[in-house]
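# Descriptive analysis of the structure
Each chain, letter by letter, is given below.
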Amino acid sequence: MLRPSCPWAGSNSSSQWMQKQALDHFVLEARRKGYVARSAFKLSYLDDRFHLLDKTRTKAVIDLGCSPGGWCQVVRERAGDSCLLVGVDLLPVKATINNAVFLQGDFTSAALQGRLHAQLDELQLLPRRRLAGVEGVVDLITSDMCPNRTGGSEDRQRIAELNLRALQFSLPLLREGGHFVCKVLGSRASYPDLWHAATRHFLTAQACKPPASRAQSDEFFLVAHSRLAAPRKGLSPSASVGLGSAQQQSQHTYGLDDWPGFARRRSPKRRH
Ligand SMILES: C[S@@+](CC[C@H](N)C(=O)[O-])C[C@H]1O[C@@H](n2cnc3c(N)ncnc32)[C@H](O)[C@@H]1O
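Predicted model only: the values in this text are computed from it and were never measured.

In terms of nonpolar packing, the biggest core is built from 37 residues, with L64, F107, L116, L120, I141, F180 and L222 touching the most fellow members. Residue contacts for L222: discarding those within four places in its chain leaves F180, V181, C182, V184, L194, W195, A198, A205, Q206 and A207. Counting residues in each nonpolar core, the second largest holds 28 residues, with V36, V74, A79 and V181 among its members.

Right, dumping it as structure tokens:
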């Protein structure tokens, strides 16, 4: 959402946010390239760096927290039209994406997860039984989900819990060699359980800050690359595989998200 109407304009923080958006390089670039959100450049960067998407190999992607649809646009662009794409968000998706299924609701609710499993079943994306055991078939699961932020340390805890649930949900669905990416807040110390699980189940795990992620934000992305056939044993929570700089991470304070959910809820119309 690039140029929202702004019924709440007048409060300092929202007009500051609008000013920042108007001048922002990535907002202008997103508008030029037809992305519905500047966040598209975060996934593009992560893909350039970690090779998550491929036109011939990527057959199925799940995007949690997908509204307004910037990441889905990047998936469609980079994985091609035949890649199955399922998105979930509390809010409706604004982008028009061919051959994609969107489910609106709270990812953490049993009802939404039931609908999601039914949808995955219909698309034949549920784990398959093989002679050697059960195997997932999804190539990439992303989560840019971010609960509305209060600015306190509980934000980090809430997103860490949400991410852990997303990873627990994702592990059985991902094929061997598949990837999991999620937005994290703060340094690795803010999400020890998530980090531990990522390093056990994937070949590498790295926290990365794309240039499109605002410098004043404590947002990073955890990229868990290449799901292992079986989890590593005996890895302590402090073990590091491809660890980003914790010192660099801890310099960042809370900042604004891209066109955050609470704002979109108040202003459903998008103007071009
Ligand atoms: C930063 S935005 C995602 C932007 C998206 N990646 C894009 O490029 O367009 C975060 C989204 O997470 C969604 N979200 C937060 N908590 C959620 C939950 N429990 N279930 C589903 N969606 C959630 C919000 O509604 C919001 O749209």
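Moving on from the coordinates now.
Another aspect to go through is the confidence of the model for the protein chain. On average, residues of the protein chain score 84 in pLDDT, and 80% of them reach the 70 mark or higher. Across residues 1–9 the pLDDT falls below 50, and counting only partners more than four positions away or on other chains, this stretch makes 36 contacts in the model. Counted against residues more than four places away or in other chains, residues 266–272, with its pLDDT under 50, gives 16 contacts.

The next subject is the site of the ligand. The environment of the ligand is made up of 19 residues, and the closest members are S39, G70, D89, D106 and D144. At a separation of 3.0 Å, an oxygen atom of the ligand approaches a polar backbone atom of W71. Within the side chain of D106, an N or O atom sits 2.8 Å from a nitrogen atom of the ligand. When the free accessible area of the ligand is taken as 600 Å², the share hidden by the protein chains comes to 95%. A class-by-class count of the residues in the shell around the ligand yields 8 nonpolar, 6 polar and 5 charged.

On to the packing of helix α6 (residues 153–170) against helix α7 (residues 192–201), then. Each packed pair of helices is defined by two parameters, the angle between the axes and the distance between the axes. For the pair α6 and α7, interaxial distance at closest approach is 9 Å and the crossing angle is 25°. The angle between α6 and α7 places the two elements in the roughly parallel class. Crossing angle aside, the handedness with which α6 passes α7 is left-handed. Judged by residue contacts, N163, L164 and L167 of α6 engage D193, L194, A197 and A198 from α7.

Turning our attention to the packing of helix α3 (residues 40–50) against helix α4 (residues 70–79). Contact geometry for α3 and α4: axes closest at 7 Å, N-to-C directions at 40°. In terms of axis orientation, α3 runs oblique to α4. Note on packing geometry: the crossing formed by α3 with α4 is right-handed. Here α3 contributes A40, K42, L43, S44, D47 and D48 to the contact with α4, which in turn contributes G70, W71, V74, V75 and R78. Taken together, the residues of the contact of α3 with α4 break down into 5 nonpolar, 2 polar and 4 charged.

Attention shifts here to the packing of aromatic side chains. Scanning all chains against the criterion turns up 4 aromatic pairs. On the numbers, 5.4 Å between centres and 85° between planes, the contact of Y35 with F41 is edge-to-face. Taking the centre distance of 5.6 Å and the plane angle of 50° together, the rings of W71 and F221 count as tilted. Of the two residues, W71 is situated in helix α4 and F221 in strand β9 (residues 219–227); the sequence distance between them amounts to 150 residues. Using a relative accessible area of 3% as the deciding quantity, one classes W71 as buried. Through a chain of ring-to-ring contacts, the aromatic side chains of F26, Y35 and F41 assemble into a single cluster. Cation over ring: K209 sits above F220, and NZ or CZ is 5.2 Å from the ring centre.

About the cut-offs
- Residues numbered from 1 in each chain as written.
- Predicted model: local features only at pLDDT ≥ 70, side-chain atom pairs only at ≥ 80, totals over all residues.
- Heavy atoms only, no water.
- Core = buried A, V, L, I, M, F, W, Y, C linked by side-chain atoms within 4.5 Å.
- Buried < 20%, exposed > 50% of the residue type's maximum accessible area, 1.4 Å probe, protein only.
- Contact = heavy atoms within 4.5 Å.
- pLDDT = per-residue confidence, 0-100.
- Near = heavy atom within 4 Å.
- Polar contact = N/O pair within 3.5 Å; in protein donor to acceptor, adjacent residues only side chain to side chain.
- Areas by Shrake-Rupley, 256 points an atom, 1.4 Å probe, with all protein chains shown as cover.
- Nonpolar A, V, L, I, M, F, W, Y, C, P; charged D, E, K, R; others polar.
- Axes fitted to C-alpha atoms, helices over the stretch in contact; angles between N-to-C directions.
- Helix = DSSP H or I, 4+ residues; strand = E, 2+ residues; numbered from the N terminus.
- Parallel < 35°, antiparallel > 145°, perpendicular 65-115°, else oblique.
- Left-handed = near helix turned anticlockwise from the far one by under 90°.
- Phe/Tyr/Trp six-rings, centres within 6.5 Å; stacked < 30°, edge-to-face > 60°.
- Lys NZ or Arg CZ within 6 Å of the ring centre and 35° of its normal.

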